[in-house]
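So you can see what is in the structure, the chains are spelled out below.
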Amino acid sequence: MVLIHKSETGWIPRLGLYLFPILTLVFIAFYLIDKGLYRQIIREDGVVEWMTFAFLIAAGMLSLFIASRIKSRYNYFHWFFILFVGFNFLAGLEEISWGQRVFNIETTGVFREYSDQNEINLHNTFQGIFQIKTKHIALLVLFVYGSLLPGLMRNRQSISDTLPLRHFILPPMFLRGGFTIAAILMLDFQTGHEEEIGELFFSICFFIMMLWNLTLVKRGCFRPNTYFSIPKRMPSFSE
């Protein structure tokens, strides 16, 4: 599996390539050295969950900034970045159950009746109603999106204007490893709570992905009429 394209240069691709293996080793070390501390870190409302929230909100804010830069430079609203703002804000608020534990809000109504964790959020309520784990849906969708599609589409330079997915942003190649590790962690192999680490890794992927696209916009490499964000000489396969 190709993990980085020759056009992806600079500190951001290096960060995206090496950060996730290093973080995985750090969490393994915590698990081997002190299982109690490891469980404390990854528990609900713990350090990892709040870091996930922070990275999701930060990714959303970066996406909003990118959308405004594209509007200013190319005079159109890029639908993907606008929707990505909403996705990250929604995911971030869902991650902390819309501040339920922060503000000590009691679970009532439909959430009390259907939520499988007695929390005020949509994904646990969905699980309670349909008996389907949303983490399995997220695992599959994000694995295809971040691990498979960048490799499958890396030789596509453009897409027809008639196709509805025009301007659909794909992660850069150097994040394929991060998305893959995150998907594996969502399987909850050790303690049943490793999905919290997987969610953190996905949120970091989104943040780095937005950093990279912001860099491409600043470099003038973004072409609004193509499928990818393409530098002037080499394709980066970030869009």
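Please read all numbers here as calculations on a predicted model, not as lab measurements.

Draft legend 1. Here's a closer look at the pattern of salt bridges. Summed over the entire model, instances satisfying the criterion amount to six salt bridges. Glutamate 44 is paired through a salt bridge with arginine 101; the nearest N and O atoms lie 3.9 Å apart. Of this pair, glutamate 44 sits in the loop between helix 2 (35-42) and helix 3 (47-74) while arginine 101 sits in the loop between helix 4 (79-95) and helix 5 (109-114), and the two are 57 residues apart along the sequence. A relative accessible area of 31% means that arginine 101 is categorised as partly exposed. Residue glutamate 195 is joined to lysine 135 by a salt bridge in which the shortest nitrogen-to-oxygen separation is 3.5 Å. With a gap of 60 residues between them, glutamate 195 in helix 9 (residues 195-219) and lysine 135 in helix 7 (residues 134-152) connect regions that are remote in the sequence. What makes glutamate 195 buried here is its relative accessible area of 19%. Several salt bridges converge on common partners, so that one network encompasses Glu44, Asp45, Glu49, Arg101 and Glu119.

Draft legend 2. Quick peek at the packing of aromatic side chains. All told, the structure shown has 19 aromatic pairs when counted by the stated rule. Judged by centre distance (5.9 Å) and plane angle (25°), the ring pair of phenylalanine 84 and phenylalanine 87 falls under stacked. Highlighted residues: phenylalanine 84 and phenylalanine 87, both in helix 4, separated by three residues, approximately one helical turn. Consider the rings of phenylalanine 174 and tryptophan 212, whose centres lie 5.5 Å apart with planes at 90°: the pair is edge-to-face. Placement of the pair is phenylalanine 174 in the loop between helix 7 and helix 8 (176-185) and tryptophan 212 in helix 9, with a sequence separation of 38 residues. Residues phenylalanine 174 and tryptophan 212 agree in their burial class; the two are buried.

About the cut-offs
Residues numbered from 1 in each chain as written. Predicted model: local features only at pLDDT ≥ 70, side-chain atom pairs only at ≥ 80, totals over all residues. Heavy atoms only, no water. Salt bridge = Lys/Arg side-chain N within 4 Å of Asp/Glu carboxyl O. Helix = DSSP H or I, 4+ residues; strand = E, 2+ residues; numbered from the N terminus. Buried < 20%, exposed > 50% of the residue type's maximum accessible area, 1.4 Å probe, protein only. Phe/Tyr/Trp six-rings, centres within 6.5 Å; stacked < 30°, edge-to-face > 60°.

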